[in-house]
Amino acid sequence: MNAVDTNTVLDDMVEAARRAGSLTLDYFNRRETLDIGVKGPGDFVSEADEQSETLIRQHLLSRYPDWSLSGEEFPPVEGVNLTYRFLVDPIDGTTNFLSGLDYTITIALRQGDKTVCGLVYNPVTNEMFTAVAGGGAYLNGRQLRMRDNRNVAQMVVGTGLPTPNLSLHPGAYSRLDAIRAPIGAVRVVGSAANSCAYVACGRLTGYFEQTGFTDTAAGILLVQEAGGLVTDWWGRGPEHYERSGIMIVANESTHAYLLGHLQQVPQPPA
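A brief report on the enclosed structure follows. Model, not experiment: these values are computed from the prediction. (Residues numbered from 1 in each chain as written. Predicted model: local features only at pLDDT ≥ 70, side-chain atom pairs only at ≥ 80, totals over all residues. Heavy atoms only, no water.)

### A look at the overall build of the chain
What the chain contains, in helices and strands, is 8 helices and 14 strands. For the chain, whose C-alpha radius of gyration is 18 Å, the value lies close to the compact-globule estimate of 18 Å for 270 residues. Dimensions along the principal axes, computed over C-alpha positions, put the chain at roughly 50 × 45 × 40 Å. In the chain, the proportion of contacts linking residues at least 24 apart, taken out of those at least 6 apart, comes to 62%. Entry remark: accessible area of the chain is about 12200 Å², with carbon and sulfur atoms responsible for 48%. (Helix = DSSP H or I, 4+ residues; strand = E, 2+ residues; numbered from the N terminus. Rg over C-alpha atoms; globule rule 2.2 N^0.38 Å. Contact = heavy atoms within 4.5 Å. Areas by Shrake-Rupley, 256 points an atom, 1.4 Å probe, with all protein chains shown as cover.)

### Comments concerning the packing of aromatic side chains
Inspection of every chain in the model, using the stated rule, returns 9 aromatic pairs. Seen in terms of ring centroids, Tyr64 and Trp67 are 4.5 Å apart; in terms of plane orientation they differ by 20°. Their pairing is stacked. The exposure classification of Tyr64 matches that of Trp67, with both residues buried. Ring centres of Trp67 and Tyr84 lie 4.6 Å apart, and the angle between their planes is 20°; on these two criteria the pair is classed as stacked. Taken together, the positions of Trp67 in the loop between α2 (47-63) and β3 (68-71) and Tyr84 in strand β4 (residues 84-92) put the pair 17 residues apart, joining distant regions of the chain. An aromatic cluster is present here, built from Tyr64, Trp67, Tyr84 and Phe86 joined pairwise through their rings. (Phe/Tyr/Trp six-rings, centres within 6.5 Å; stacked < 30°, edge-to-face > 60°. Buried < 20%, exposed > 50% of the residue type's maximum accessible area, 1.4 Å probe, protein only.)

### Quick word on the packing of helix α4 (residues 172-179) against helix α8 (residues 252-262)
Relative orientation of the contacting elements α4 and α8 amounts to 125°, with a least axis distance of 10 Å. Compared by their axis directions, α4 and α8 come out oblique. Crossing handedness for the pair α4 and α8: right-handed. On α8, the residues touching Arg175, Ala178 and Ile179 of α4 are Tyr257, Leu258, His261 and Leu262. Each residue belonging to the contact of α4 with α8 can be placed in one class, and the counts come to 5 nonpolar, 1 polar and 1 charged. (Axes fitted to C-alpha atoms, helices over the stretch in contact; angles between N-to-C directions. Parallel < 35°, antiparallel > 145°, perpendicular 65-115°, else oblique. Left-handed = near helix turned anticlockwise from the far one by under 90°. Nonpolar A, V, L, I, M, F, W, Y, C, P; charged D, E, K, R; others polar.)

### As for α4
Within α4, the full set of buried residues consists of Ala172, Arg175, Leu176 and Ile179. Burial along α4 is one-sided: seen end-on, the buried residues are contained in an arc of 105°. Buried residues belonging to α4 abut β10 (156-158), β11 (185-187), β12 (206-210) and α8. (Arc of directions from axis to C-beta.)

### A short note on the nonpolar core
Ranked by size, the top nonpolar core spans 31 residues in total, and within it Leu222, Val223 and Val249 carry the most contacts. Secondary-structure elements contributing two or more residues to this core are β7 (127-132), β8 (136-139), α5 (192-201), α6 (213-225) and β14 (246-250). Within the second largest apolar cluster, 25 residues are counted, among which are Ala17, Ile56, Leu60 and Met128. (Core = buried A, V, L, I, M, F, W, Y, C linked by side-chain atoms within 4.5 Å.)

### So, the pairing of β4
Counting buried positions along β4 yields 9 of 9 residues, so the element is predominantly enclosed. Here β4 pairs with strand β5 (residues 104-111) via 7 bridges, running antiparallel. Its bridge partner being in β5, Val88 is matched across the sheet by Ile107. (Pairing = 2+ DSSP bridges.)

### Observations regarding unusual backbone geometry
Backbone torsion omega between Ala181 and Pro182 reads 15°, so that peptide bond is classified as cis. You can see Pro182 is positioned in the loop between α4 and β11. A positive phi is found at Asn126, a non-glycine position, where the angle reads about 60°. The residue Asn126 is located in the loop between β6 (114-122) and β7 in this model. Positive phi, normally seen in glycine, also occurs at Asn140, with a value near 50°. Looking at the element boundaries, Asn140 is found in the loop between β8 and β9 (142-144).

### Brief notes about a nonpolar patch on the surface
A contiguous nonpolar patch, built from Leu161, Tyr173 and Val188 and spanning about 280 Å² of accessible area, is present on the exposed surface. Structurally, the position occupied by Tyr173 is in helix α4. (Patch = residues over 30% accessible without salt bridge, like charges linked within 9 Å, V, L, I, M, F, W, Y side chains within 5 Å. Salt bridge = Lys/Arg side-chain N within 4 Å of Asp/Glu carboxyl O.)

These results come straight from atomic positions and should not be treated as a statement about function.
So, in structure tokens, the structure goes:
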């Protein structure tokens, strides 16, 4: 098989995300009229989700018909070539979307067990975050280089607060209480992908949550390429956080702070 030019693939991913952004913005601007179904508390599904993923699937698989694709709204496509797989979240932050808050579209390309390129696109602000493994992280073409700050009082940490019956690692509110002082602030962005992107560009100094890997694969690459650290809450690598979705993404000092406050959480069963 010929070598894959990840920059060319990323260009195709960007085009797909921008098209999906235009489509979802149209829904966003008339969201109060949407026919909304409910999957569960805090987890809404809308026609916009499905239309966005359909557009992205058609765009990418028309160019790479032998590759595989996994998304949030439909069963995965298992291509002839299982080495390359797109991971697609057509609207990350659906509750944000329905409430008139920022949401994102995120796409990553996996080669085996590695993320080789990815993007996080915020259609509301027209911010396109992109990364290629070994090639850096960018926001609208400007390279991102994460800066560290050891002043705990200036740390701004993102997280998510699930509804009580959401099937995630228990104790979200007690963990929040454990880390919230003396750091400067805690923010709930409402999109895991956008939270990772905000760490990469310095708007957050760190982020921790348990969430789906499809949501965060591109964001994790952004953080790593911008110079940040990614582990689970016990300091373990991708073989753990990719499976469990339990992660810390942060600059060096915030990572150390969060690890020190979260590693006492009981580990989930292997």
